[in-house]
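Summary of the model geometry
Here are the chains, one letter per residue:
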Amino acid sequence: MTNKIPGFRRKEILWAYGFVAVPVLGFLIFGLAPLVASAVLSLTQWDMVSSPKFVGLANYVDLFKDEKVYKSLFNTVFMLIGIPLGMLLSLLLAILMNQKIKGISVFRTIYYIPVISPIIAVSLLWQWILNQDYGLLNQMLWNGFHITGPNWLGDPHWIKPSLILMGLWGGIGGNMVLYLAGLQSISRSYYEAAEVDGANGFQKFTKITLPLLSNIHFYIVVMGVIGTFQAFSQIYVMAADGGPEFSAATVVFYIYQHAFEYFNMGYASSLAWVLGIIIFILTLLQFRLSKRWIYND
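Residues numbered from 1 in each chain as written. Predicted model: local features only at pLDDT ≥ 70, side-chain atom pairs only at ≥ 80, totals over all residues. Heavy atoms only, no water.

**Some details on the overall build of the chain**
Our working definition: Secondary structure elements follow DSSP: runs of H or I of four or more residues count as helices, runs of E of two or more count as strands, with numbering from the N terminus. Note that the radius of gyration is over C-alpha atoms, with the globule rule given as 2.2 Å times the number of residues to the power 0.38. Burial here depends on accessible area, computed with a 1.4 Å probe over protein chains only, as a share of the maximum for the residue type. Under 20% is buried, over 50% is exposed, and the range in between is partly exposed. For every accessible area listed, the method is Shrake-Rupley and the probe measures 1.4 Å; residues are considered covered only by the protein chains on display.
Counting its secondary structure elements, the chain contains 14 helices and 2 strands. A compact globule built from 297 residues would reach a C-alpha radius of gyration of about 19 Å, whereas the chain, at 25 Å, exceeds it by more than 25%. Taken across its 297 residues, the chain has 37% of its residues classed as buried. As presented, the chain carries roughly 18400 Å² of accessible surface, and 69% of it is formed by carbon and sulfur atoms.

Written as structure tokens, this is what we have:
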């Protein structure tokens, strides 16, 4: 045997290494390097002008004493309410969109449009809809029911439900597509066997449809939790300075404030690391618990 690699084989290997190197270098430059830099910055005080000053764990100590951290964390967790609501509405919508009706694809497209709409444009649209004085929602409440609508974005009790409402409108289309794909992948033989055993519609839904969609439930929950904890753009547009009494500020919004308004990059980095750890723990917990309710066909 010979250890020499034929010329054409060597060229193929070099091309393979070249293609692999692109994403690896991209990760090292745009992923790992910023990650390491933020970890180092979290141990410093840096205003982005003068040289960073090493302070050790002082930022983390201050973080756990900061009331706004707990306030923003509460706001973020509160908005998780939108995940089960969105799942329920998406599943019901997917069941409707799964009917064999002429022109149903048009309705599927209409419901999916908000998913591909720019979040800033959507936020501006909803800022107008939720306006207390001339917003479409309050006009509908008054014209239809003679109810004076609340100050959706100016009341600390209503601003979080308002953001959840906007999130439902923008997110159910994407989850609908996932559920629709899941529904269409379920074999009719399961339902036929259940009918032979005398199962009614509700029993078929709870004993067949829901368990066979468990993988989709899991994916939506995991991505929904991560997405909610990373919410920023809609808060920045719709809730000036985090909303009244800081009632709409999420953790990412508070990180932005410290980084680019207060120019306290070290403290912002420590906040980002705490947020990353929280998301990691929640995701790991969901994967561990998924073994108890995920059905593998």
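**Some details on a nonpolar patch on the surface**
Rule in force here: Here the term patch refers to residues with relative accessible area over 30% and no salt bridge, with like charges joined within 9 Å and nonpolar side chains (Val, Leu, Ile, Met, Phe, Trp, Tyr) within 5 Å. By salt bridge we mean one thing: a side-chain nitrogen of Lys or Arg within 4 Å of a carboxyl oxygen of Asp or Glu.
A cluster of nonpolar side chains, Val20, Val24, Leu25, Phe27, Leu28, Ile29, Phe30, Leu32, Leu35, Val36 and Val40, forms an exposed patch at the surface whose accessible area comes to about 1000 Å². The residue Leu25 is located in helix 1 (residues 7–41) in this model. Under the relative-accessibility criterion, Leu25 is labelled partly exposed at 47%.

**A closer look at the side chain of Lys160**
The criterion, for reference: Charged-residue counts in this description rest on Lys and Arg as positive and Asp and Glu as negative, His and the chain ends being excluded. The term polar contact refers here to a pair of N or O atoms within 3.5 Å; inside protein, the definition further demands a hydrogen-donor-capable atom paired with an acceptor-capable atom, and it admits residues adjacent in sequence only when both atoms are side-chain atoms. We call two residues in contact when some of their heavy atoms are within 4.5 Å.
Considering the arrangement of structural elements, one finds Lys160 in helix 8 (residues 159–185). Glu245 provides the closest opposite charge to the buried, unpaired Lys160, separated from it by 8.5 Å. Separated by 3.1 Å, the side chain of Lys160 and the backbone oxygen of Ser247 make a polar contact. Setting aside residues no more than four positions away along its own chain, Lys160 makes contact with Phe74, Asn75, Phe78, Met79 and Ser247.

**A few points about the confidence of the model for the chain**
Put simply, the rule is: Scored from 0 to 100, pLDDT records how confident the predictor is in each individual residue.
Confidence in the prediction for the chain averages 91 pLDDT; 97% of positions are at 70 or higher. Of all the helices and strands in the chain, helix 1 carries the lowest mean pLDDT, 89, while helix 3 (residues 67–78) carries the highest, 96.

**Some words on the packing of aromatic side chains**
Our working definition: Here a pair means two rings of Phe, Tyr or Trp (six-membered ring of Trp) with centres within 6.5 Å. Their orientation is stacked below 30 degrees between planes, edge-to-face above 60, and tilted elsewhere. Only Lys NZ and Arg CZ are tested; either one counts as a charge over a ring when it is within 6 Å of the ring centre and within 35 degrees of the ring normal.
If you walk through the whole model with that rule in mind, you get 13 aromatic pairs. Pairing Phe218 with Trp293 gives two aromatic rings, centres 6.3 Å apart and planes at 65°, and the pair type is edge-to-face. You can see Phe218 sitting in helix 11 (residues 214–229) and its partner Trp293 sitting in the segment after helix 14 (265–290), a full 75 residues away along the chain. For Phe218, a relative accessible area of 14% puts it in the buried group. You can call Trp293 partly exposed: its relative accessible area is 39%. With a centroid separation of 5.6 Å and an interplanar angle of 80°, the aromatic rings of Phe246 and Tyr254 are classed as edge-to-face. Judged on exposure class, the residue Phe246 and its partner Tyr254 are both buried. Members of the aromatic cluster, joined through ring pairs, are Phe232, Tyr236, Phe253, Tyr256 and Phe260. The residue whose ring lies beneath Lys68 is Phe246, and the NZ or CZ to ring-centre distance is 4.7 Å.

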